[in-house]
Amino acid sequence: MTATEDPIARFTHWIRQRPNSIEFWELVVTDERLLCCFVGESYRSMLLRADMGERDRALVADSAPAELESLDERNFSVPLEAIEGIRLVTGTRFRRAKLEIDWTHADAPYDDGMTLVSTSGAESQADAVAGLEDEPSLEDVTVEIERRGWF
């Protein structure tokens, strides 16, 4: 991490489904690393799976990349050299979008990547993913967008 680390893209309103809860995540891609920011958790039986991450989403949006990892103990980063692929499966009227990120980084809390699902408040982020294809710092990363049919 350098003092001149610049954000390239931000992926907002994503969830990771767990057996007993739903975790809310924000992702920030910089020219050096991927920052995975935990912004809340909702238990399935609580509040009908209400999105509890809005306050922390705003904090992520207002923070510099150098500060993001320290905002929560579950936040972590993966260097761009360790990322193998970023794949967005666009949503339809009946299915939510899915974001899959694969990496080979021994220090990351998830062995080989993360699969996230968009929340109902998420807008299409296909343009943000498409913009990564032309990013020089991601030239060795496979960036894909899979578009589903049925609108």
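Below is a short write-up of the structure. (Residues numbered from 1 in each chain as written. Predicted model: local features only at pLDDT ≥ 70, side-chain atom pairs only at ≥ 80, totals over all residues. Heavy atoms only, no water.)

Another point: the sheet that holds strand S8 (residues 142-146). Overall, mixed pairing links the eight strands, which are arranged S4-S3-S2-S1-S7-S6-S5-S8 in an open sheet. The two strands at the open ends of the sheet, each matched to only one other strand, are strand S4 (76-79) and S8. With direction set aside, neighbouring strand axes in the sheet form an average angle of 25 degrees. Where strand S6 (residues 98-103) lies against strand S7 (residues 113-118), five bridges are found, and the strand directions are antiparallel. Paired with lysine 98 across the two strands is valine 117, which belongs to S7. Helix H1 (residues 54-62) rests against strand S1 (7-17), strand S2 (21-30) and strand S3 (33-43) of the sheet, and its axis sits at about 160 degrees to S1. (Pairing = 2+ DSSP bridges. Helix = DSSP H or I, 4+ residues; strand = E, 2+ residues; numbered from the N terminus. Axes fitted to C-alpha atoms, helices over the stretch in contact; angles between N-to-C directions. Contact = heavy atoms within 4.5 Å.)

The next subject is unusual backbone geometry. A positive phi is found at histidine 13, a non-glycine position, where the angle reads about 70 degrees. Accessibility expressed as a relative area gives 16% for histidine 13, which makes it buried. (Buried < 20%, exposed > 50% of the residue type's maximum accessible area, 1.4 Å probe, protein only.)

A few words on a negative patch on the surface. Negative charge collects at one region of the surface, where Glu84, Asp102, Asp111 and Asp112 lie side by side. Along the chain, glutamate 84 falls in strand S5 (residues 83-89). With a relative accessible area of 44%, glutamate 84 lands in the partly exposed category. (Patch = residues over 30% accessible without salt bridge, like charges linked within 9 Å, V, L, I, M, F, W, Y side chains within 5 Å. Areas by Shrake-Rupley, 256 points an atom, 1.4 Å probe, with all protein chains shown as cover. Salt bridge = Lys/Arg side-chain N within 4 Å of Asp/Glu carboxyl O. Lys, Arg positive; Asp, Glu negative; His and termini not counted. Charge placed at Lys NZ, Arg CZ, Asp CG, Glu CD.)

Our next topic: the nonpolar core. Counting residues in each nonpolar core, the largest one holds 30 residues, and the members touching the most others are Phe11, Phe76, Ile83, Leu99 and Trp103. Other than its neighbours up to four places away in sequence, isoleucine 83 contacts Leu34, Val78, Ile101, Asp102, Trp103 and Val141. (Core = buried A, V, L, I, M, F, W, Y, C linked by side-chain atoms within 4.5 Å.)

Our focus in this paragraph is the pattern of salt bridges. Scanning the entire structure with this criterion turns up eleven salt bridges. One salt bridge in this structure joins glutamate 5 and arginine 33, with 2.7 Å as the shortest N-O distance. In this pair, glutamate 5 is assigned in the segment before S1 and arginine 33 in strand S3, connecting sequence segments 28 residues apart. What makes arginine 33 buried here is its relative accessible area of 8%. Residue glutamate 26 pairs with arginine 57 through a salt bridge whose shortest N-O separation is 2.7 Å. Here the residue glutamate 26 occupies a position in strand S2, and arginine 57 occupies one in helix H1, the gap between them amounting to 31 residues.

We now examine the pairing of S1. Note that S1 and S2 share eight bridges and pair antiparallel. Bridged to isoleucine 15 within S2 is phenylalanine 24. From the end of S1 to the start of S2, which pair antiparallel, there are three residues. By the bridge criterion, two bridges tie S1 to S7 in an arrangement that is antiparallel. From the neighbouring strand, tryptophan 14 faces S7, where its bridge partner is serine 118.

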